[in-house]
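# Working through the structure, step by step
Residues per chain, in single letters:
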Amino acid sequence: MNEFDTSPRGSFLVRFGRSMPLPIEELTPRQIVIELDRYIVGQHAAKRAVAVAMRNRYRRQRLPEDQREDIMPKNILMIGPTGVGKTEIARRLAQLARAPFVKVEATKFTEVGYVGRDVDSIIRDLVNVSLRLVENEKIEEVAPKAEERAIDRIVDMIVRPLRDERQPAYAGNIFQAFEQLAAGKTASSDESESEPEDDREDRKKAAEAYERQRSKVRAQVIDGSRDEEIVEVDVEEATNPFFQVFSPQGMEEMGLDLPQQMSGPFAAKSVKRRVNVREAKEILTQEEAKKLIDRGSVTQEAIERAEQTGIVFLDEIDKIAGKSSGHGPDVSREGVQRDLLPIIEGSTVVTKYGPVKTDHILFVGAGAFHMSKPSDLIPELQGRLPIRVELTDLGEADLRRILTEPKNALTKQYVQLLSTEGVALEFTEDAVDEIAHMAHEVNSRTENIGARRLHTILEKLLEEPMFDAPDSGAKSVVVDGVAVRDKLSELVKDVDLSKYIL
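A brief report on the enclosed structure follows.

### Side note on the overall build of the chain
Each helix and strand counted, the chain has 20 helices and 11 strands in total. Here the chain holds 502 residues, and 42% of them are scored as buried. Surface summary for the chain: the accessible area is close to 27,800 Å², and the carbon and sulfur share equals 51%.

What follows is the structure, encoded as structure tokens:
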């Protein structure tokens, strides 16, 4: 248990266990750290820094509007070797805040004038993520009403509408129809007035029987007793053309949403599919939900969410540090820094959904800085990443905790995977100790890849049980310290071999 683990932990985690994130106003820095502890071992300095940055966003939202614009986000630079939790901290933080989050590799971008992705595409990607996030939230809100409409449509497919068998008296004489309409009456109304009482009563009974049948079928569709019945539904298949052309907005902006704007070859096409009622409910509920939400308000809210709460994680930022040599693959890396600068400082990026201001987007830079140092970045960019956090190397004790403590611990993942084959996998205490010890030893001898070393060691250790599980008929597999040493000790001792295998 760590220093941040206080009495509110229980109630906090119970609410997360129900997949109900806390409202942003209840996400105090202490509670943010507690939640991050569920997934990331150690690195308390980095957790505290991002927790404060997230809380400051909420504090800014509570200020009067004229003061709010003056409060700029304090961007963060995480420094530490690979595999210690830099990316995971940023990703979990975005999930907590239900904020648009995009992770990009700084090495993918090139200076303006070179062929490749331009830095403006980062913001366009963020807006796309924000749009999906808002759209999913809106669909959740209208889901009950959409499901009702979907069920009504399925009932209409199963129970055909009741038809009135009577034909108009003027069905074959259009001139007589115009004369009757001009006189303010129709043949059917005359017929209704002269209709026998028995016929009206029969029609009333038929209508009542029809409604009873609909009610019965509707109840059966709702309770699932008709889930396997086959129905025919119309499904829209949109054709989204993607044009690859060079433009100031970049190639990724050329995927146009033409079906909503045009007819003809680019229009959405309706295709009939035969599916069971269970699948039809899902298809039609999604279709009805999209009809119920207002696309304009979704787009507007998505842009606002991206501008006010968006998080951009710039990984491998150390690879663009340093002076350009003037030739080779690093020719434009200093130019990429200059291109990033206006976005981080605050500018307006044009997207297909409208202009997006980047003034209040939180940027989190991260890098190992093995071959360079933060001072190798251009001074203007350094000034825009004022919060520096150094993440520490993982020791043997940290690796052991990573194997067992986090909610998504590696040992738990392998236990769950083999349980699908009816095999009970168990790791003894000495096995966990031995795995952590070997991972730390290999990290110290070869390249230090942090917790990712555990992935390679566990895959090698469990290679045979994972391969044999469907055919062996074994009901349990126990991994103890002896098994770990037998399988891996020779590989760990042979430095040259471990470089390739572990």
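After that view of the structure, there is still more to cover.
### Re the side chain of asparagine 276
Positionally, asparagine 276 belongs in strand S4 (residues 269-276). What makes asparagine 276 buried here is its relative accessible area of 17%. A distance of 2.8 Å separates a polar side-chain atom of asparagine 276 from the backbone nitrogen of glutamate 279.

### Some thoughts on the pairing of strand S7 (residues 354-357)
As judged from the four bridges shared by strand S6 (residues 348-351) and S7, these two strands associate in the antiparallel manner. Residue pairing for S7: valine 349 is matched across the bridge by valine 356.

### Examining the pattern of salt bridges
With the rule as written, the count across this model stands at 33 salt bridges. For arginine 38, the salt bridge identified is with glutamate 35, shortest N-O distance 3.1 Å. The two residues arginine 38 and glutamate 35 agree in class, both being buried. Across the pair glutamate 464 and lysine 487 runs a salt bridge, and its minimum N-O distance is 3.7 Å.

### A closer look at the packing of helix H6 (residues 120-158) against helix H10 (residues 277-292)
When two helices pack together, their arrangement is given by the angle between their axes and by how far apart the axes lie. For the pair H6 and H10, the least separation of the axes is 7 Å and the interaxial angle reads 125 degrees. For the element pair H6 / H10, the angle class is oblique. The hand of the H6/H10 crossing is right-handed. In this structure, H6 contributes Ile139, Val142, Ala143, Lys145, Ala146, Glu147, Arg149, Ala150, Ile151, Arg153, Ile154 and Met157 to the contact, and H10 contributes Val277, Ala280, Lys281, Leu284, Thr285, Gln286, Glu287, Glu288, Ala289, Lys290, Lys291 and Leu292. Of the residues in the contact of H6 with H10, the class split is 13 nonpolar, two polar and nine charged.

### With respect to the nonpolar core
One broad trend across soluble globular proteins is that nonpolar side chains are buried collectively. Within the largest apolar cluster, 60 residues are counted, with the highest numbers of intra-cluster contacts made by Ile311 and Ile435. No other element matches the seven residues that helix H16 (residues 429-445) contributes to this core. Non-local contacts of isoleucine 311, meaning those with residues more than four positions away in its chain, are made with Met54, Arg57, Leu93, Ala94, Ala99, Pro100, Phe101, Val102, Leu126, Leu362 and Val364. Counting 32 residues, the second largest nonpolar core, distinct from the first, contains Ile79, Ala106, Ile123 and Leu385.

### Examining the environment of threonine 446
With respect to the helices and strands, threonine 446 occurs in the loop between H16 and helix H17 (452-461). Engagement of the side chain of threonine 446 in a polar contact is seen with the backbone oxygen of valine 442, the distance being 2.8 Å. Here the side chain of threonine 446 touches arginine 453 through a polar contact of 3.2 Å, side chain to side chain.

### Comments concerning the packing of aromatic side chains
All told, the structure shown has zero aromatic pairs when counted by the stated rule. Against the face of tyrosine 39 rests arginine 92, its NZ or CZ located 3.7 Å from the ring centre.

### What about the side chain of arginine 305?
Here arginine 305 is to be found in helix H11 (residues 295-309). With residues up to four places along the chain from it excluded, the contact list for arginine 305 reads Arg98, Pro100, Ser130, Leu133, Val134, Glu137 and Gly310.

### Some words on helix H2 (residues 29-37)
Judged by how many residues are buried, H2 sits mostly within the fold: seven of nine residues are covered. Among the residues of H2, Gln31, Ile32, Val33, Ile34, Glu35, Leu36 and Asp37 are the ones counted as buried.

### With respect to the sheet that holds strand S2 (residues 101-105)
Read from one edge of the open sheet, five strands run S2-S5-S8-S1-S9, paired in parallel fashion. Looking at the sheet topology across the chains shown, the edges are occupied by S2 and strand S9 (387-390). In this sheet, neighbouring strand axes are inclined to one another by 20 degrees on average, regardless of whether the strands run parallel or antiparallel. Note that strand S1 (residues 76-79) and strand S8 (residues 362-367) share four bridges and pair parallel. Each bridged residue has a counterpart across the sheet, and for isoleucine 79 the counterpart in S8 is glycine 367. Contacts from H6 reach S2, strand S5 (311-315) and S8, with the element oriented near 150 degrees to S2.

### So, the packing of H6 against H11
In contact at an axis separation of 8 Å, H6 and H11 are set at 125 degrees when each is read in the N-to-C sense. In this view, H6 runs oblique relative to H11, as classed from their interaxial angle. The two elements H6 and H11 meet at a crossing, and its hand is right-handed. Counting all contacts with H6, which are made through Leu126, Val127, Ser130, Leu131, Leu133, Val134, Glu135, Glu137 and Lys138, the residues of H11 involved are Arg295, Val298, Thr299, Glu301, Ala302, Arg305 and Ala306.

Scoring rules and cut-offs
- Residues numbered from 1 in each chain as written.
- Predicted model: local features only at pLDDT ≥ 70, side-chain atom pairs only at ≥ 80, totals over all residues.
- Heavy atoms only, no water.
- Helix = DSSP H or I, 4+ residues; strand = E, 2+ residues; numbered from the N terminus.
- Buried < 20%, exposed > 50% of the residue type's maximum accessible area, 1.4 Å probe, protein only.
- Areas by Shrake-Rupley, 256 points an atom, 1.4 Å probe, with all protein chains shown as cover.
- Polar contact = N/O pair within 3.5 Å; in protein donor to acceptor, adjacent residues only side chain to side chain.
- Pairing = 2+ DSSP bridges.
- Salt bridge = Lys/Arg side-chain N within 4 Å of Asp/Glu carboxyl O.
- Axes fitted to C-alpha atoms, helices over the stretch in contact; angles between N-to-C directions.
- Parallel < 35°, antiparallel > 145°, perpendicular 65-115°, else oblique.
- Left-handed = near helix turned anticlockwise from the far one by under 90°.
- Contact = heavy atoms within 4.5 Å.
- Nonpolar A, V, L, I, M, F, W, Y, C, P; charged D, E, K, R; others polar.
- Core = buried A, V, L, I, M, F, W, Y, C linked by side-chain atoms within 4.5 Å.
- Phe/Tyr/Trp six-rings, centres within 6.5 Å; stacked < 30°, edge-to-face > 60°.
- Lys NZ or Arg CZ within 6 Å of the ring centre and 35° of its normal.

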